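Reading the structure
Chain residues, written in single-letter form:
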Amino acid sequence: MSRPEEIGPPEIFYNETEAKKYTTNSRIQEIQARMTNRALELLNLPPDQPSLVLDIGCGSGLSGDVLAENGHTWVGIDISKPMLEVAVEREVDGDLFLWDMGEGLSFRTGVFDGAISISALQWLCNADKKGHEPHKRLRLFFNTLYKCLARGARAVLQVYPNGPDQMNMITTAAMRCGFSGGLVVDYPNSTRAKKFFLCLFAGSATTDGRVEMPKAKGVDGEGSDSDEEEEEEEGPRQARFENRAKGGKSHYKTKEGKRASVKSRDWVLNKKERQRTQGKHVRPDSKYTGRKRQGAF
Amino acid sequence: MKILTHNMLMCNVKGCDKGNFPLRIELSEPVSIQETEFNEDFARRLIGKVDWPALAETAAALGLYDKLGIPELPSTPPEAATADDALLKAMHRVLLEVQVIEGKLVCNNCGKAYSVSKGIPNMLLTQDEL
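Residues numbered from 1 in each chain as written. Chains lettered and ligands numbered in written order. Predicted model: local features only at pLDDT ≥ 70, side-chain atom pairs only at ≥ 80, totals over all residues. Heavy atoms only, no water.

1. Notes on the overall build of chain B
Scanning chain B from N- to C-terminus turns up 5 helices and 6 strands. Scanning chain B from its N terminus toward the C terminus, one meets helices and strands in the order α-β-β-α-α-α-α-β-β-β-β. Seen through its C-alpha atoms, chain B measures out along the principal axes to roughly 50 × 30 × 20 Å. Within chain B, the proportion of its 130 residues that are buried is 48%. Sequence separation of at least 24 residues holds for 66% of the intrachain contacts in chain B that already meet a minimum separation of 6. As presented, chain B carries roughly 6,200 Å² of accessible surface, and 49% of it is formed by carbon and sulfur atoms. Of the charged side chains in chain B, 13 are positive and 18 negative, and the gap between their average positions amounts to 6 Å. (Helix = DSSP H or I, 4+ residues; strand = E, 2+ residues; numbered from the N terminus. Buried < 20%, exposed > 50% of the residue type's maximum accessible area, 1.4 Å probe, protein only. Contact = heavy atoms within 4.5 Å. Areas by Shrake-Rupley, 256 points an atom, 1.4 Å probe, with all protein chains shown as cover. Lys, Arg positive; Asp, Glu negative; His and termini not counted. Charge placed at Lys NZ, Arg CZ, Asp CG, Glu CD.)

What follows is the structure, encoded as structure tokens:
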């Protein structure tokens, strides 16, 4: 099955028939509900406190239903009018907006206690119209999202990237806008159950500024269907990133802090190691590695 | 659209950053009122989130005080700890029970009109407004 992102822009792809199909399909309903529950868990809202949550790409309100069940008030935005009309017919609790997230969110500063997005963000990476620049749209989106979140609030965005490049583009854009956080990959070893959750923190509520990254599910070769159990042991699957603007990672440096001479032995070993991890064919290290060639006769 | 969301919404046109809040509501159909469950905790938490001058202005402009039969809301933020039940209930009714169904939202600064139909405001911009 091809990806809907490759078929057409969201406001055209999700037409009336597609919106109906989407909402009445029990499999989609179940997956959406499960992903929303997981996103809500990662959102880590204070328990027993009714919160105000923004749902980006709310569609027909399947994710919103889960939010309402948990006692939260939600505001949903989506670019597909037919989807929103289905939501109105279903009499969802949240407030709905016809909105293109790539045009920025103009809510007042700090109003939302959290934001979720289920399977929507990857649409931003497409240039569907003349004048659409995915990088610009992503930056505008993350910038304005940061503004409308309360201090210390989180945004959990579930994405279906079409490859590592796209995921990288999204995380880089988020990081540039001041978010900290990272990617949580549930069931990394399964092709079908694998889910990417981008967890972003807008500043931090704690004083020391450190935030604990949530743990991924199904990391240790656990089956995809028994997702009720939480894996607690280790979470090596979380790609952490920090705000790069604070202290950019410096060039390759020696212990004394001076810049190493270019193509020294250390530099060569380092580069070979890097290429090995990339899976390239690299000659083994030896005592001759990084040595200068003798001059010609 | 609820008044609560209206109270958070600003004009999204590029360069329109002063006087772009609150958006003026122009109704083409009277507001609908749907009773919802009153939650004291949530109402108390909203005190800090709401922009009170804008809320008082909007409520007066839509004539909500007469319609709902509630006392006038203050235009300065009340103390969250000492707010009494009557105020919280009045707040709840205005913010969460009143729905704008048909009409438009007009920016007082740049004049951009966002149409509202079936309760859904259309916030899409044109190319030159980005």
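2. Quick notes on a positive patch on the surface
A cluster of like positive charges, contributed by Lys-263, Lys-271, Arg-274 and Lys-280 of chain A, occupies part of the molecular surface. Mapped onto the elements, Lys-280 of chain A comes out in the segment after helix H8 (265–277). (Patch = residues over 30% accessible without salt bridge, like charges linked within 9 Å, V, L, I, M, F, W, Y side chains within 5 Å. Salt bridge = Lys/Arg side-chain N within 4 Å of Asp/Glu carboxyl O.)

3. Notes on the nonpolar core
The biggest cluster of nonpolar side chains holds 83 residues, and the ones touching the most others in it are Leu-54, Phe-107, Phe-112, Leu-121, Phe-142 and Leu-145 of chain A together with Ile-3 of chain B. Per-element accounting of this core gives the leading share, 7 residues, to helix H5 (residues 85–97) of chain B. With residues near it in sequence (within four places) discarded, Phe-112 of chain A still touches Leu-52, Val-53, Leu-54, Val-75, Phe-107, Cys-148, Leu-149, Ala-150 and Ala-153 of chain A together with Met-8 and Lys-49 of chain B. (Core = buried A, V, L, I, M, F, W, Y, C linked by side-chain atoms within 4.5 Å.)

4. Considerations on helix H3 (residues 26–43) of chain A
Residues and elements named next belong to chain A. Helix length check: H3, at 18 residues, gives a terminal C-alpha distance of 25 Å against a target of 26 Å (1.5 Å per residue), a fit within 8%. For H3, the set of buried residues is Gln-32, Met-35, Thr-36, Arg-38, Ala-39, Leu-40, Leu-42 and Leu-43. N-capping of H3 is provided by Asn-25, with a side-chain oxygen placed 2.8 Å from the backbone N of Arg-27. Just past H3, the residue Asn-44 takes up positive phi, approximately 55°. (Expected span 1.5 Å × (residues − 1). Polar contact = N/O pair within 3.5 Å; in protein donor to acceptor, adjacent residues only side chain to side chain.)

5. Let's talk about the interface of chain A and chain B
Often, the extent of an interface is quoted as the loss of accessible area upon association of its parts. Listed by partner, the interface residues are 30 residues for chain A and 30 residues for chain B. Contact between chain A and chain B buries roughly 2,600 Å² in total, counting both sides, with carbon and sulfur atoms accounting for 58%. With its nearest N and O atoms 3.6 Å apart, the salt bridge here joins Glu-85 of chain A to Lys-118 of chain B. If you look at where chain A meets chain B, you find 16 residue pairs in polar contact (both at pLDDT 80 or more). When residues of the side of chain A that touches chain B are traced back to their parent elements, those giving at least two are strand E2 (73–78), helix H5 (81–89), strand E3 (95–98) and strand E4 (112–118) of chain A. Looking at the side of chain A that touches chain B residue by residue, the class counts come to 13 nonpolar, 8 polar and 9 charged. (Buried area = accessible area lost by both parts, 1.4 Å probe. Nonpolar A, V, L, I, M, F, W, Y, C, P; charged D, E, K, R; others polar.)

6. A word on the layout of surface pockets
Of the pockets and cavities examined, the second largest pocket occupies roughly 860 Å³. What lines the second largest pocket is a set of 31 residues, and nearest its centre among them are Val-92, Asp-93 and Gly-94 of chain A together with Lys-2 and Thr-36 of chain B. Among the elements that take part in the lining of the second largest pocket, H5 of chain B stands out by supplying 3 residues, more than any other. A per-class count over the lining of the second largest pocket returns 13 nonpolar, 11 polar and 7 charged. (1 Å grid on protein atoms, 1.4 Å probe; cavity = no way out; pocket = protein on both sides within 12 Å on 5 of 7 lines; lining within 4 Å. Points joined across faces, edges and corners; volume = space filled by probe spheres on them.)

7. A word on the confidence of the model for chain B
When pLDDT is averaged along chain B, the result is 89; 100% of the residues meet or exceed 70. Of the two predicted TM-score estimates for the complex, the pTM is 0.77 and the ipTM is 0.91. (pLDDT = per-residue confidence, 0-100.)

8. Let's talk about the packing of helix H2 (residues 16–24) of chain A against H5 of chain A
Describing two packed helices takes the angle between their axes plus the distance from one axis to the other. All names here are of chain A. The contact between H2 and H5 brings their axes to 8 Å, and the two run at 50°. One element, H2, and the other, H5, form an angle in the oblique class. Crossing of H2 over H5 shows right-handed handedness. Between H2 and H5, the residues in contact are Glu-16, Ala-19, Lys-20, Tyr-22 and Thr-23 and Pro-82, Met-83, Val-86 and Glu-89, respectively. Classifying every residue of the contact of H2 with H5 by side-chain character gives 5 nonpolar, 1 polar and 3 charged. (Axes fitted to C-alpha atoms, helices over the stretch in contact; angles between N-to-C directions. Parallel < 35°, antiparallel > 145°, perpendicular 65-115°, else oblique. Left-handed = near helix turned anticlockwise from the far one by under 90°.)

9. Some points on helix H7 (residues 164–176) of chain A
Residues and elements named next belong to chain A. In this model H7 runs 18 Å from its N-terminal to its C-terminal C-alpha over 13 residues, within 8% of the 18 Å that 1.5 Å per residue would give. Where H7 is concerned, the buried positions are Gln-166, Met-167, Met-169, Ile-170, Thr-171, Thr-172, Ala-173, Ala-174 and Met-175. Phi turns positive, to about 100°, at Gly-178, one or two residues after H7.

10. Some points on the packing of aromatic side chains
Residue and element names in this part refer to chain A. All told, the structure shown has 11 aromatic pairs over all chains when counted by the stated rule. On the numbers, 4.9 Å between centres and 80° between planes, the contact of Phe-13 with Tyr-14 is edge-to-face. Classification of Tyr-14 by relative accessible area gives buried; the value is 13%. Centre to centre, the rings of Phe-107 and Phe-112 are 5.1 Å apart; their planes meet at 90°, and the pair counts as edge-to-face. Residue classification places Phe-112 among the buried residues on the basis of a relative accessible area of 0%. An aromatic cluster is defined as three or more aromatic residues linked by ring pairs; in this entry it consists of Phe-13, Tyr-14, Tyr-22 and Trp-123. (Phe/Tyr/Trp six-rings, centres within 6.5 Å; stacked < 30°, edge-to-face > 60°.)

11. Details of the environment of Ile-3 of chain B
Residues and elements named next belong to chain B. Among the secondary structure elements, Ile-3 is positioned in helix H1 (residues 3–6). When its relative accessible area of 1% is taken as the criterion, Ile-3 is described as buried. The sequence separation of Ile-3 and Arg-93 amounts to 90 residues, and the corresponding C-alpha distance is 9.6 Å. Setting aside residues up to four positions removed in sequence, Ile-3 forms contacts with Ile-25, Leu-55, Leu-62, Leu-64, Val-94, Leu-95, Val-98 and Val-100.

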